[in-house]
Amino acid sequence: MVSIDHYLVLATFMFLCGTLGVLFRRNLLMVLMSIELMLNAVNLVFVSGSRMLGNLDGQVMVFFIITVAACEAGVGLAMVIALFRRYGTVDTNFLRILRG
Amino acid sequence: MTQELVFLAFAALIALCSMMVILSRNAVVSAIYLVGDLFSLAGLYASMDAHFVAAIQVLVYAGAIVVLFMFVIMLLNLGPDQRQHLQVSAPEVGVLALTIIGFLVVGGMLLLGQPTGVTGPLTAEAIENAGGNTYTVGMVLFTKYLWPFELASMLILLAIIAAIVIAKKEQNKDGDTRRLAHG
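First things first, this report covers the structure right here in the doc. Small disclaimer: the values here were computed from a predicted structure and weren't measured.

As a further point, take the overall build of chain A. The helix and strand tally for chain A stands at 3 helices and 0 strands. Starting at the N terminus and walking to the C terminus, you meet the elements of chain A as α-α-α. When its C-alpha atoms are laid out on the principal axes, chain A stretches across 50 × 25 × 20 Å. Out of the 100 residues in chain A, the part that is buried amounts to 66%. Here the contacts in chain A between residues at least 6 apart in sequence split such that 53% fall between residues at least 24 apart. Carbon and sulfur atoms make up 72% of the accessible area of chain A, which amounts to about 3,600 Å² in all. Of the side-chain charges in chain A, 7 are positive and 5 negative, and the distance between the mean point of each set is 15 Å.

Our focus in this paragraph is the pattern of salt bridges. Following the criterion strictly, the structure yields 2 salt bridges over all chains and no others. Here D57 of chain A and K144 of chain B are joined by a salt bridge, their closest N and O atoms 2.7 Å apart. One end of the pair, D57 of chain A, is in helix α3 (residues 57-87); the other, K144 of chain B, is in the loop between α6 (133-143) and α7 (146-167), on a second chain. Look at K144 of chain B and you get exposed, because its relative accessible area is 54%.

This part is about the interface of chain A and chain B. Residue-level contacts link 75 residues of chain A with 88 residues of chain B. Surface buried jointly by chain A and chain B totals about 7,100 Å² across both partners, of which 73% is contributed by carbon and sulfur atoms. Linking chain A with chain B are 10 residue pairs in polar contact (both at pLDDT 80 or more). Counting residues per element, the ones that place at least two in the side of chain A that touches chain B are α1 (4-24), α2 (28-53) and α3 of chain A. The element that contributes the greatest number of residues to the side of chain A that touches chain B is α3 of chain A, accounting for 26 residues. Classifying every residue of the side of chain A that touches chain B by side-chain character gives 47 nonpolar, 17 polar and 11 charged.

For helix α4 (residues 90-112) of chain B, which comprises 23 residues, the first-to-last C-alpha distance of 33 Å matches the rise-based estimate of 33 Å (1.5 Å per residue) to within 8%. Those residues of α4 of chain B hidden inside the fold are in contact with α1 of chain A.

Residue and element names in this part refer to chain A. Where α1 contacts α2, the axes come no closer than 7 Å and their chain directions differ by 165°. By the angle between their directions, the pair α1 and α2 is classed as roughly antiparallel. Relative to α2, the crossing made by α1 is left-handed.

To continue, consider the packing of aromatic side chains. A complete count under the given rule lists 4 aromatic pairs over all chains for this structure. Seen in terms of ring centroids, F63 of chain A and F52 of chain B are 5.3 Å apart; in terms of plane orientation they differ by 55°. Their pairing is tilted. On the criterion of chain membership, the pair formed by F63 of chain A in helix α3 and F52 of chain B in helix α3 (residues 51-76) is interchain, its members lying in two chains. The class of F63 of chain A is buried, set by a relative accessible area of 10%. Here the aromatic rings of F142 of chain B and F149 of chain B are separated by 4.9 Å at their centres, their planes lie at 75°, and the arrangement is edge-to-face. Residue F149 of chain B is classed as partly exposed on the basis of its relative accessible area, which comes to 32%.

Glancing now at the environment of A31 of chain B. Checked against the element boundaries, A31 of chain B lands in helix α2 (residues 27-47). Sequence-wise, A31 of chain B and A15 of chain B are 16 residues apart; in three dimensions their C-alpha atoms are separated by 15 Å.

This paragraph deals with the packing of α2 of chain A against α2 of chain B. The contact between α2 of chain A and α2 of chain B brings their axes to 11 Å, and the two run at 5°. Of the possible angle classes, the one that applies to α2 of chain A and α2 of chain B is roughly parallel. Judged by residue contacts, M30, M33, L37, N40, N43, L44, V47 and R51 of chain A of α2 of chain A engage A27, S30, A31, L34, D37, L38, L41, L44, Y45 and S47 of chain B from α2 of chain B.

Looking now at the side chain of N43 of chain A. Looking at the secondary structure, you find N43 of chain A in helix α2. Dropping the residues within four chain positions of it, N43 of chain A is found in contact with V62, I65 and I66 of chain A together with Y45 and Y61 of chain B.

A few words now on the environment of L157 of chain B. All names here are of chain B. Looking at the element boundaries, L157 is found in helix α7. Among the residues examined, L157 registers a relative accessible area of 44% and is labelled partly exposed. Taking the C-alpha atoms as reference, L157 lies 37 Å from V93; in sequence the two are 64 residues apart.

Here α2 of chain A contains 26 residues, and its C-alpha end-to-end distance of 38 Å stays within 8% of the 38 Å for a straight helix at 1.5 Å per residue. Near the N-terminus of α2 of chain A, the side chain that reaches the backbone nitrogen of L29 of chain A, with its oxygen 3.1 Å away, is that of N27 of chain A.

About the cut-offs
- Numbers given for residues are sequential positions, taken from 1 along each chain in its written order.
- Here every chain gets a letter starting at A, and every ligand a number starting at 1, in the order they are written.
- With the structure being a predicted model, the display of local features is reserved for residues of pLDDT at least 70 and the display and counting of side-chain atom pairs for 80 or more, all residues being used for whole-chain, interface and lining totals.
- Values reported for side chains reflect all heavy atoms of the structure, with hydrogen atoms and water molecules removed beforehand.
- Numbering of helices and strands starts at the N terminus; helices are DSSP runs of H or I of at least 4 residues and strands are runs of E of at least 2.
- For each residue, the accessible area found with a 1.4 Å probe, counting protein chains only, is set against the maximum for its type, and the residue is called buried under 20%, exposed over 50%, and partly exposed in between.
- Contacts: residue pairs with any heavy atoms within 4.5 Å of one another.
- The accessible surface values rely on the Shrake-Rupley method and a 1.4 Å probe; as for residues, cover is taken only from the protein chains in view.
- Neither His nor the chain ends is counted toward charge; the positive residues are Lys and Arg and the negative residues Asp and Glu.
- Here the site of a charge means NZ on Lys, CZ on Arg, CG on Asp, or CD on Glu.
- The term salt bridge refers to a pairing of a side-chain nitrogen on Lys or Arg with a carboxyl oxygen on Asp or Glu at a separation within 4 Å.
- Defined here as a combined quantity, buried area equals the accessible surface (1.4 Å probe) lost by two parts on assembly, summed across both.
- By the criterion applied in these results, polar contacts are pairs of N or O atoms within 3.5 Å in which, for protein atoms, one can donate a hydrogen and the other can accept it, and in which residues neighboring in sequence qualify only through two side-chain atoms.
- Three classes are used: nonpolar for Ala, Val, Leu, Ile, Met, Phe, Trp, Tyr, Cys and Pro, charged for Asp, Glu, Lys and Arg, and polar for all others, with Gly counted as polar.
- The length a helix should cover is 1.5 Å for every residue beyond the first.
- An axis is simply a line fitted to the C-alpha atoms; with a helix, the fit covers only the stretch in contact. Between two such axes, the angle follows the N-to-C directions and lies from 0 to 180 degrees.
- In this scheme, roughly parallel covers angles under 35 degrees and roughly antiparallel covers those over 145, while 65 to 115 is roughly perpendicular and the rest are oblique.
- Left-handed describes a crossing in which the near helix is turned anticlockwise from the far one by less than a right angle; the clockwise case is right-handed.
- The criterion for an aromatic pair is that two Phe, Tyr or Trp rings (for Trp, the six-membered ring) have centres within 6.5 Å, with stacked assigned to planes under 30 degrees apart, edge-to-face to planes over 60 apart and tilted to the rest.

Note that all results are geometric; they support no functional claim without further evidence.
Pasting the structure below:
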């Protein structure tokens, strides 16, 4: 029997992969993809919890997360394009204008 | 038995694809592994009787968001990353340590006991009798979560406008567009 523990462990692994990608990749596009990975890990936890508890609120929440992820991807990619047009690179080593 | 096999197959695919997303040096390869990841997640959702979520996962995530990523990768025409020395600074190590500690706490809680909660009425049999997963999710979405649903449409509208404004070509004072810095 597949219990919720298995799904939680899998989601933990996915989230850790996403965290490592956000922290250590230098390409802004890869950072955005890693954020998608983390959002998907959260979705997996929501759906498995919804199944365990016999309650569909978790699945409805997944739709809102997907909506937010789509908005985030759209705006984030627009910012990547604007940054690339201005500085000619998407390397976060060079894009330090947001750092103090 | 079949459910364990399905879970194991999709979990192995998800673990492999997640690692390859962050390990591969070419952004296009990463995006393709991300597609594999999202498809495997859709399979996992389908095995959990969340059919509508699985369909939306394939349509929206793999069909729209990753294609958007692909468009931008092709538009920017980036080569593979040059392997650089890893610059690790204090905030990154701190965030990583906090994340790992959080996961250790979750793992300890899992070892100590099975997660429990108040079980709702919508078990798999009840959903099947009420008319299927899609029908039931729709009923919840359009009654209990009607206002969040409408707010989500406002969020999408704002994101569309923001994306257009941000990605618009910048105009200099004398009217000609800013030069491409990489050329």
